[in-house]
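Here are the chains, one letter per residue:
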Amino acid sequence: MTLALSRTCAISTWLLLALCVGASPTLAQAPAVLKGTAYITSWFGGVVTAIDLASSSTEKTIPVGIHNHNVALRPDQKQAWVTNNNAGTISIIDSGSNSVAKTIQTGKGPRHTYFSPDGKEAFVTNEFDDRVEIFDAETAESRGVVKVGSMPHFALVSGDKVFVTNYGSGDATVFSRSKRKTIARIAIGAGPLGAGATKDGKRIYFACHSANHVAVVDGETLKRIADIPTGAGPVQVTVTPNQSFAYVANDGAGTVQKIDLATNQIVKTISIAPDAGSHGVGFAGEGRWLLITNTGANTLSIIDTATDEVAKTITVPKAPEGVAVKR
């Protein structure tokens, strides 16, 4: 055997072993690619910006209502619903054309829309009417309202339970989706805003803005079982797709913190800027990329969750708050 052939065989054998046993991750795994479209609200801009994540460029600027706070994609990704807080309306964006297809009325001060996992219903919090309005997600027709606590901010659907954060009363209302009746009120801490949940519904997490903690509630017994101290002003908390961690955005500290769900401990603090006003949370690439809106800095931070470091910063219109990602 020639020396050249011997080297070729040796290299081929090494490559085969690396691919089989994972000795070389760079050869065995394709690099994670940032792609998709991010929809970003602008509290003072009156627009939603559609950003192509691969190029970091603006696809389109979409006029919506006054003080648009949040944007949520319907599970089929065909529509993005935008809550216009001061207008009392919801702008429904066709995600194919990136234009407003319909504007519907709701109660006073709509904050967030949350779609049921089956895609049939949309739950909209009306903070100045102390209620949640329920819409048919296909026709956008109202199916009625459920009264909740003071200044509801965020609704989350888990099984037949709907969890609603009540900013003004420091608790969460839990009502039955099917019966539209209140099941419980749970004290969770001052100023609760965003919420997240595990897919099995066993744990619900609440970001308590004025208490500087994430409250953990047992989704079956509806008991508060832990408080996780955070940085100043936690706003939104979201569980990662792999169900191992959660990330919480702290607008008072300008940080993002990573929570180990097995231990209920903060395992990483990612600094953005003291005055960034880190607010909205979203994921791209099946959880590889974490998107954070920075209300005070007028930017979108893209964090690589493999390293928990900011990989990219994109300038967006004034006072971005909500973010949703279309695959």
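Cut-off values and rules
- Along each chain, numbering runs from 1 in the same order as the chain's sequence is written.
- Local features in this predicted model are restricted to residues of pLDDT 70 or higher, and side-chain atom pairs are both shown and tallied only at a pLDDT of 80 or more, whereas totals for entire chains, interfaces and linings draw on every residue.
- Hydrogens and waters are ignored; side-chain quantities use all the structure's heavy atoms.
- By nonpolar core is meant a set of buried Ala, Val, Leu, Ile, Met, Phe, Trp, Tyr and Cys residues that side-chain atoms within 4.5 Å join together.
- Here the term buried applies to any residue with accessible area under 20% of the maximum for its type, exposed to any over 50%, and partly exposed to those in between, with areas from a 1.4 Å probe on protein chains only.
- Secondary structure elements are defined from DSSP: runs of H or I of at least 4 residues count as helices, runs of E of at least 2 residues count as strands, and each element is numbered from the N terminus.
- Note on contacts: a residue pair qualifies if any of its non-hydrogen atoms lie within 4.5 Å across the two residues.
- Strand pairing requires that DSSP identify at least two bridges connecting the strands.
- Every axis corresponds to a line fitted to the C-alpha atoms, with the helix fit spanning only the stretch in contact, and the corresponding angles, defined between N-to-C directions, vary from 0 to 180 degrees.
- Throughout this description, the term salt bridge denotes a Lys or Arg side-chain nitrogen within 4 Å of a carboxyl oxygen of Asp or Glu.
- To pair, rings of Phe, Tyr and Trp, with the six-membered ring standing in for Trp, must have centres within 6.5 Å; the planes then decide the type, stacked if under 30 degrees apart, edge-to-face if over 60, and tilted in the middle.

**Q** What's the story with the nonpolar core in this structure? I'm lost.
**A** Note that soluble globular proteins tend to have their nonpolar side chains buried in a common cluster. In this structure, F163, I186, I188, F206, V217 and L222 are the most contacted members of the largest nonpolar core, which totals 15 residues. Contributions of two or more residues to this core are made by β12 (152–158), β14 (171–176), β15 (182–187), β17 (203–208) and β18 (213–218). When neighbours within four sequence positions are excluded, F206 is seen to be in contact with F163, T165, A172, I188, G194, A195, H213, V214, A215, V217 and V237. Core analysis: the second largest hydrophobic core is formed by 14 residues, L53, A284, I314 and V325 among them.

**Q** Sorry if this is basic, but what is going on with the sheet that holds strand β20 (residues 234–239) here?
**A** Two orientations exist for strands paired in a sheet by backbone hydrogen bonds: parallel and antiparallel. Taken together, the 4 strands give an open sheet; going across it, the order is β20-β21-β22-β23, and neighbouring strands pair in antiparallel fashion. Each edge of the open sheet is held by one strand with a lone partner, namely β20 and β23 (265–271). Strand-to-strand, the axes of this sheet are offset by a mean angle of 20 degrees, without reference to chain direction. Of the strand pairs in this sheet, strand β21 (residues 245–250) and strand β22 (residues 255–260) are connected by 6 bridges, and their pairing is antiparallel. By the bridge assignment for β22, A249 is matched with V256.

**Q** Please explain the pattern of salt bridges as it appears in this structure.
**A** Two side chains that carry opposite charge are able to pair once their charged atoms sit near each other. Going through the model one piece at a time under the given rule, you end up with 14 salt bridges. Where D76 meets R74, a salt bridge forms, and the shortest distance between an N and an O atom there is 2.8 Å. On the basis of relative accessible area, D76 is assigned to the partly exposed category, the value being 38%. On the basis of relative accessibility, which here comes to 5%, the residue R74 falls in the buried class. Here R177 makes a salt bridge to E121, at a shortest N to O gap of 2.7 Å.

**Q** In this structure, what is going on with the packing of aromatic side chains? I would like to understand it.
**A** Two numbers describe a pair of aromatic rings. These are the distance of the centres and the angle of the planes. Across all of its chains, the model carries 6 aromatic pairs by this definition. Plain terms: the ring middles of W81 and F135 are 6.2 Å apart, the flat faces sit at 70 degrees to each other, and that makes the pair edge-to-face. Highlighted residues: W81 in strand β5 (residues 79–84) and F135 in strand β10 (residues 131–136), separated in sequence by 54 residues. We classify W81 as buried; its relative accessible area is 0%. On the basis of an interplanar angle of 45 degrees and a centroid distance of 6.5 Å, the ring pair of F123 and F175 is categorised as tilted.

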